[in-house]
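Chain by chain, the residues:
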Amino acid sequence: MTTRKLTGRLDGLAFGGDYNPEQWDEAVWAEDDELMRRARVNLATVGVFSWALLEPEEGRYDFAWLDAHLDRLHAGGVAVDLATPTASPPPWFTRAHPDALPVTAEGVRLVHGSRDTYCLAAPAYRDAARRVAAALAERYGRHPAVALWHVHNEYATLCFCDHAAAAFRTWLRDRHGTLDALNEAWGTAFWSQRYHSWDEVLPPRATQWHHNPGQSLDFRRFFSDVALAAYREQRDEIRAHSDRPVTTNLMLPGYQNLDLWAFGRELDFVTIDHYPDRPGLDAAADTAFGADRARSLGGGRPWLLMEQGANTVYAEGRVLPKDPGDIFRHTLGHIARGSDGALFFQWRQSKAGAETWHSAMVPHAGPDSRIFREVRALGEAVARLAEVAGSTVTAEVAVLHDAEAWWASEADGLPSPEPGYHSMLRRAHRALWDAGVVTDFAHPEHDLSRYRLVLAPALPLVTDAGAANLRRYVAGGGTLLLQHFGGVVDERPHARLGGYPAGPLREALGVRVEEPRPLRQGERVALSDGAHGTAWSEYLRLDGAEAVSAYTHGMLAGHPALTRHSFGDGRGWYLSTVLDTGDYGALVQRLLGEAGVVREWPPGVEAVTRGAWRFLLNHGGDAVPLPRAAHDLLTDGPLTELPPHGCAVLRMP
Ligand code: GAL
């Protein structure tokens, strides 16, 4: 199933947001209807946090209020993305089932009072969640307003309680088969950790010092599987009563408790929530990062931006305003990269409750406000892009992403916690974004043959299959850049012996790393080509590769820092330090050149081809003449020049 089905119901791109009418009264609902019409809203996410209203006591449902809202929205031409409310169990549930409240690694049982207070592994929670999903599906499965289903909200909460422990043991038996195999995988021969009974095995709760890395990694895998099972349960209840697509809104922040690839495979289409964590140009780059990941998780199919902020970003612990025009640019950035629309959290800013100060499409100030005017203009623009719905984006370059590698990079006892997985991925993506290149994310075991260039900025863990796949990619003509501490452990995670990285990668890269040598905080190393590195260095030996640059000081003086190896029809590059941003950008440019990826537009212009349309976002202050006049969907007229800070969506001949 693809978003065609969604857009089929919507007749174009989706525009709207989370709609929580239960916070308001009839007069406001009437105004909502009018303002939604003016803003050209055609999709509202309803019911995300409505459990306490829908099921005021266990097993008793009150649908009357929801019936009325769905009918009203439908009458106004607004389709509904109907949510199951399971991210926020009501007070009666947690009172009746205190054992279903989440327990932190430190053993603190959290209490009701916020949201997401449940353990995904607690049977009472899972049963209640399935029941409310089934009740909703039964009642609204064929409701004409319902265009899609939104299961839960941002699966992410970990729990270390006894239910989690029991489920973890079951999961471990499935994965490892025997206790001997588990002991071997976790390396329990050390520190007297050998298990003689399954009952001795626990989640990685707070302990005296380092956790066992195998235990930690398996727990992350386990919890992601639990979340996916919880999703599937609800999805299947819904499918029994409804033919509308089902999804859940993924969050792609700097921590990650889900194997997003696994979720991507199960969703009818991917949806994400995206809140840039920095303002200005960084936010535009972050938008591209989030959008490229969303598209990739769905295998390139169209996806949907389920939430964004209307006027604020969380940065440095502050809610900072977005500049005029930013809402428009961020939205266009998402649509350019494959989103079949743009939704916000939330439609109307709450006047009370936990998110009173979170932005919305209709702010506290009401419709006579800059923000609502921008929202209206955006709604008009999105409506003009209807013909783009369902089209796709292709990329020539990929950055490798793997949840297991991420989790492995967070193990205790690594040579250095710096730089983190997420920051390395963002850096790689940013260098490509700065170079004007559209990037996919790919898993190390995916077929990579369609990419001219693959960057692996953070891949400490690689399976044998992944290493063999990367070797095949290079041999087949690809260009690969593996970065420091790459391929150092397998999936258990056991260290690769005989020199890093894993054997097939050593062949492809023509290097053998003997010794990781993390740098002190703030320490910089100079390289022979004038570049500088921080955070990390390595003692490595050439085994077929040439040294492109070498360290200049200390024990590593004269030893290779950056290497290049011609292997088969391709090239394997290895970088053993974290280059300064400018130096890294220059390296990425060089790799793009070598791989034959050309930039078509001047620096400052973000250009993305989606189907038969070219999206242009001018991040610079100068007008950019177009090579030839083209029809711009945003103005529905011809365009010869992209204005300073302007955007265009050109229909290509
Ligand atoms: C999202 C969440 C919304 C809202 C929003 C605020 O992550 O799904 O419910 O809390 O954050 O930014």
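Since the model is a prediction, treat every value here as computed from it, not as a measurement.

S.K.: Mind laying out the overall build of the protein chain, listing which residues take part and the relevant values?
M.R.: On a plain count of helices and strands, the protein chain comes out with 18 helices and 28 strands. Relative to the 2.2 N^0.38 estimate, which gives 26 Å for 653 residues, the radius of gyration of the protein chain is 26 Å and therefore close to what a compact globule would have. A total of 653 residues make up the protein chain; the buried ones form 59% of that total. The long-range share in the protein chain, meaning contacts at least 24 apart out of those at least 6 apart in sequence, stands at 71%. Accessible area of the protein chain: about 24900 Å², with a carbon and sulfur share of 50%.

S.K.: I'd love a proper account of the packing of helix α7 (residues 162-176) against helix α9 (residues 213-239), names of residues and values included.
M.R.: Running from N to C, α7 and α9 point in directions that differ by 100 degrees, and their axes come no closer than 10 Å. Judged on the interaxial angle alone, α9 and α7 are roughly perpendicular. Of the residues in α9, those touching α7 at A164, A167, F168, W171, L172, R175 and H176 are Q215, D218, F219, R221, F222, F223 and D225. Grouping the amino acids of the contact of α7 with α9 by side-chain chemistry returns 8 nonpolar, 2 polar and 4 charged.

S.K.: Account for the site of the ligand, with residues named and values stated.
M.R.: What surrounds the ligand is the set F49, R115, N153, E154, D273, Y275, E307, F345, E355 and H358. The separation between an oxygen atom of the ligand and a polar side-chain atom of E154 is 2.5 Å. Within the contact set of the ligand, an oxygen atom lies 2.6 Å away from a side-chain nitrogen or oxygen of E355. Protein coverage of the free-state accessible area of the ligand, which is 300 Å², stands at 93%. Partitioned by chemical class, the residues of the shell around the ligand number 3 nonpolar, 2 polar and 5 charged.

S.K.: Please give an account of the UniProt feature "domain: Beta-galactosidase trimerisation" (unreviewed entry) in the protein chain that cites residues and values.
M.R.: Within this numbering scheme, the UniProt entry marks residues 395-597 as carrying the feature "domain: Beta-galactosidase trimerisation" (unreviewed entry). Summarising residues 395-597: 27% helix, 27% strand, and an end-to-end C-alpha distance of 10 Å.

S.K.: Tell me what's going on with the pairing of strand β24 (residues 605-610), and back it up with residues and numbers.
M.R.: Counting buried positions along β24 gives 5 out of 6 residues, so the element sits mostly inside the fold. Strand direction decides the pairing type here: β24 and strand β25 (residues 613-618), joined by 6 bridges, are antiparallel. Across the sheet, the residue bridging to A607 is L616, located in β25. Two successive antiparallel strands, β24 and β25, enclose a turn made up of 2 residues, where G611 displays a positive phi of approximately 55 degrees.

S.K.: Tell me about the sheet that holds strand β23 (residues 578-579), and name the residues and values.
M.R.: Here 3 strands make up an open sheet; going across it, the order is β17-β18-β23 and the pairing antiparallel. The sheet terminates laterally at β17 (524-526) and β23, the two strands that pair on one side only. Alignment of strand β18 (residues 532-534) against β23, held across 2 bridges, turns out to be antiparallel. Bridging from a neighbouring strand, G533 pairs with L579 of β23.

S.K.: So what's going on with the UniProt feature "binding site: Zn(2+)" (unreviewed entry) in the protein chain? Residues and values would help.
M.R.: The UniProt entry lists C119, C159 and C161 under the feature "binding site: Zn(2+)" (unreviewed entry), expressed in the numbering used here. Annotated residues spanning 43 residues; largest pairwise C-alpha distance 7.8 Å, indicating a single compact cluster. Tracing the backbone through its elements, the reader meets C119 in the loop between α5 (91-96) and α6 (123-140). With residues up to four places along the chain from it excluded, the contact list for C119 reads A100, L101, P102, Y125, C159, C161 and A164. Positionally, C159 belongs in the loop between β4 (146-150) and α7. When neighbours within four sequence positions are excluded, C159 is seen to be in contact with L101, P102, V103, C119, A164, F219 and F223.

Rules used in this analysis
Note that residues are indexed from 1 along each chain, following the sequence as it is written. Selection of residues for local features in this predicted model requires a pLDDT of at least 70, selection of side-chain atom pairs for listing and counting requires 80 or more, and totals for whole chains, interfaces and linings are taken over all residues. For the side-chain quantities, the full set of heavy atoms in the structure was used; hydrogens and water were omitted. Each helix corresponds to a stretch of at least 4 residues labelled H or I by DSSP, and each strand to a stretch of at least 2 residues labelled E; elements are numbered beginning at the N terminus. The size measure is the radius of gyration over C-alpha atoms, and the globule rule it meets is 2.2 Å times the number of residues to the 0.38 power. Residue burial is assigned from relative accessible area. The probe radius is 1.4 Å, only protein chains are included, and a residue is buried under 20% of its type maximum, exposed over 50%, and partly exposed in between. Contacts between residues were defined by any pair of non-hydrogen atoms, one from each residue, lying within 4.5 Å. Calculation of accessible area relied on Shrake-Rupley with a 1.4 Å probe; when residues are assessed, cover is drawn exclusively from the protein chains displayed. Angular values range over 0 to 180 degrees, each being the angle between N-to-C directions of two axes fitted as lines to C-alpha atoms, with helices fitted over their stretch in contact. Roughly parallel means an angle under 35 degrees; roughly antiparallel means over 145; roughly perpendicular covers 65 to 115; every other angle is labelled oblique. Any residue outside Ala, Val, Leu, Ile, Met, Phe, Trp, Tyr, Cys, Pro, Asp, Glu, Lys and Arg is labelled polar, Gly included; the first ten of those are nonpolar and the last four are charged. Only heavy atoms are used to decide nearness, and a residue is near a molecule or strand if one of them lies within 4 Å of it. We define a polar contact as two N or O atoms separated by no more than 3.5 Å, with the added condition that, inside protein, one atom must be a possible hydrogen donor and the other a possible acceptor, whereas residues neighbouring each other in sequence contribute only through side-chain atom pairs. UniProt positions are given in the numbering used here, feature names are shortened, and annotations may be inferred rather than shown by experiment. Two strands pair if DSSP finds at least two bridges between them.

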